[in-house]
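Descriptive analysis of the structure
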Amino acid sequence: MRLSTLLTTTFALSRGVTAFWKGLNVGANNPDGSCKTQAQWETAFKALAGLPPKFTAARLFASSDCNTLQNAVPAAIATGIKLLVGVWTEDAIHYGAEKAALEAAIKAHGCDWMMAVSAGSEDLYRGDTTAATLAGQIHDVRGMVQDSLGCKKVKVGHVDTWTAWVNGANTDVIKACDFVGNDAYPYWQGSTISQSSDVFWTAMNQTRDVVNKVKPGTLVFITETGWPVTGSSFGSSVPSKANAQAYWKSVGCAALKQAHTFWYAYEDYSSNPSFGVIGQNGKAIYSLTC
Ligand SMILES: *[C@@H]1O[C@H](CO)[C@@H](O)[C@H](O)[C@H]1NC(C)=O
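Sequence order sets the numbering: in each chain, residues are counted from 1 along the sequence as written. For a predicted model such as this one, the threshold for reporting local features is a pLDDT of at least 70, and the threshold for listing and counting side-chain atom pairs is 80 or more; totals across whole chains, interfaces and linings nevertheless cover every residue. Working from all heavy atoms in the structure, the side-chain values ignore hydrogens and water.

**A look at the pairing of strand β3 (residues 82–87)**
The condition that has to hold: For each residue, the accessible area found with a 1.4 Å probe, counting protein chains only, is set against the maximum for its type, and the residue is called buried under 20%, exposed over 50%, and partly exposed in between. Counting from the N terminus, the helices are the DSSP runs of H or I reaching at least four residues and the strands are the DSSP runs of E reaching at least two. For two strands to count as paired, DSSP must find a minimum of two bridges between them. The handedness rule is simple: strands pointing away from the viewer, and a clockwise path from the first strand over the helix to the second, make the crossover right-handed.
Within β3, five of the six residues are buried, leaving the element largely enclosed by the surrounding structure. Taken together, the three bridges between strand β2 (residues 57–59) and β3 define a ladder with parallel strand orientation. Residue pairing for β3: Ala-58 is matched across the bridge by Leu-83. Note that β3 and strand β4 (residues 114–121) share five bridges and pair parallel. Note that in β4 the partner of Val-87 across the bridge is Ala-119. Taken together, β3, helix α4 (residues 92–109) and β4 constitute a β-α-β crossover, and its handedness is right-handed.

Below you can see the structure in the form of structure tokens.
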């Protein structure tokens, strides 16, 4: 064990807590729709590491689209950012290309740049697949990553909305997962900003309760949450810089202390609503200090 690892472990044990990954969701497309180059991935990862929480990880949505892994993995290695990799599961041809891109990245760069792999994203929420098909794909990706390619320590799971995880029809997907990625947005539940912390943790707790019953010991990651800085209201949810700031302070700062967390999102300034924390000038739109 290296001294730095020993010190980190001792520190974590002495405080009775695990060190959690602190991440942002990073899209492969720039706000103008173009695909990120390797240099642009590197710019993004440097920005993450330089923000106040000192983000240590990034979640990517796909592997082959925009040559994501081909461009992002060297940038991640150069900047020390670990990746939660996304493998798109729809349709069969796309899924094959995604697996091939992940296989190529592992053959080129080994296993250490990966924090975990998600087979699919919100497929159950969209109703695009069945629990049985998705569970089969999670096993398939795990077989490739852990058995065929030898990345034994890389957890393979799935990301979906809390409403999908608490639906009893999806139990087989939980059983197939090494980790469960939970997406929950009080904004999309029409919550006021003052109720948003309760709404978020109620959703998170419900997912944790179901996962603990179905497969005790399985970690639940926070894979997406955030509050929009601009855009249309949704029910009682109002986007604003002040509300995004308040949501970060109440939910983000608490999340970082109790789960692997991936905030949504790095840049999003051409969307409505717009959830990005980095504006068009390359600076943080609201403060990410805790
Ligand atoms: C969620 O669970 C934690 C730990 O059990 C508890 O302290 C907290 O009050 C719960 N929050 C909500 C909103 O249910």
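Alright, that's what it looks like, and here's the rest.
**A look at the nonpolar core**
In plain terms, the rule: Nine residue types can take part in a nonpolar core, namely buried Ala, Val, Leu, Ile, Met, Phe, Trp, Tyr and Cys, and a core is a set of them joined through side-chain atoms within 4.5 Å. Note on definitions: a residue-residue contact is assigned when non-hydrogen atoms from the two residues lie within 4.5 Å.
Formed by 76 residues in total, the largest nonpolar core has its most connected members in Phe-45, Leu-83, Leu-102, Trp-113, Val-117 and Val-145. The element best represented in this core is helix α6 (residues 131–148), accounting for seven residues. If we ignore the near neighbours within four places in the chain, the residues touching Leu-83 are Phe-45, Ala-58, Leu-60, Ala-72, Val-73, Ala-76, Trp-113, Met-114, Met-115 and Ala-116. Ranked by size, the runner-up nonpolar core spans seven residues in total, among them Leu-84, Ala-116, Phe-179 and Phe-221.

**As for empty space enclosed by the protein**
What counts here: Of the two site types, the cavity is a set of points on a 1 Å grid over the protein atoms alone where a 1.4 Å probe fits but cannot get out, and the pocket is an open set with protein on both sides within 12 Å along at least five of seven lines, each lined by residues with an atom within 4 Å of a point. Grid points are joined across faces, edges and corners, and a volume is the space filled by probe spheres set on the points. Throughout this entry, Asp, Glu, Lys and Arg are counted as charged residues, while Ala, Val, Leu, Ile, Met, Phe, Trp, Tyr, Cys and Pro are counted as nonpolar. The remaining residues, Gly among them, count as polar.
Taken as a whole, this structure holds one cavity of 30 Å³ or more when the rule is applied. If you add up the space inside the largest cavity, you get close to 40 Å³. As for the largest cavity, its lining consists of Arg-59, Leu-60, Phe-61, Gly-86, Val-87, Trp-88, Ser-118, Gly-120 and Ser-121. Sorting the residues of the lining of the largest cavity by element identifies β3 and β4 as the ones contributing at least two each. Among the elements that line the lining of the largest cavity, the one with the most residues is β4, at three residues. In terms of residue class, the lining of the largest cavity is made up of four nonpolar, four polar and one charged.

**Structural notes on the confidence of the model for the protein chain**
Note the threshold: Note: pLDDT gives the predictor's confidence per residue, expressed from 0 to 100.
Of the residues in the protein chain, 94% have a pLDDT of 70 or more, and the chain-wide mean is 94. Mean pLDDT across the elements of the protein chain bottoms out in helix α1 (residues 3–14) (42) and peaks in strand β6 (residues 179–183) (99). Predicted confidence for residues 1–16 stays below pLDDT 50, and this span has three contacts to residues more than four positions away or in other chains.

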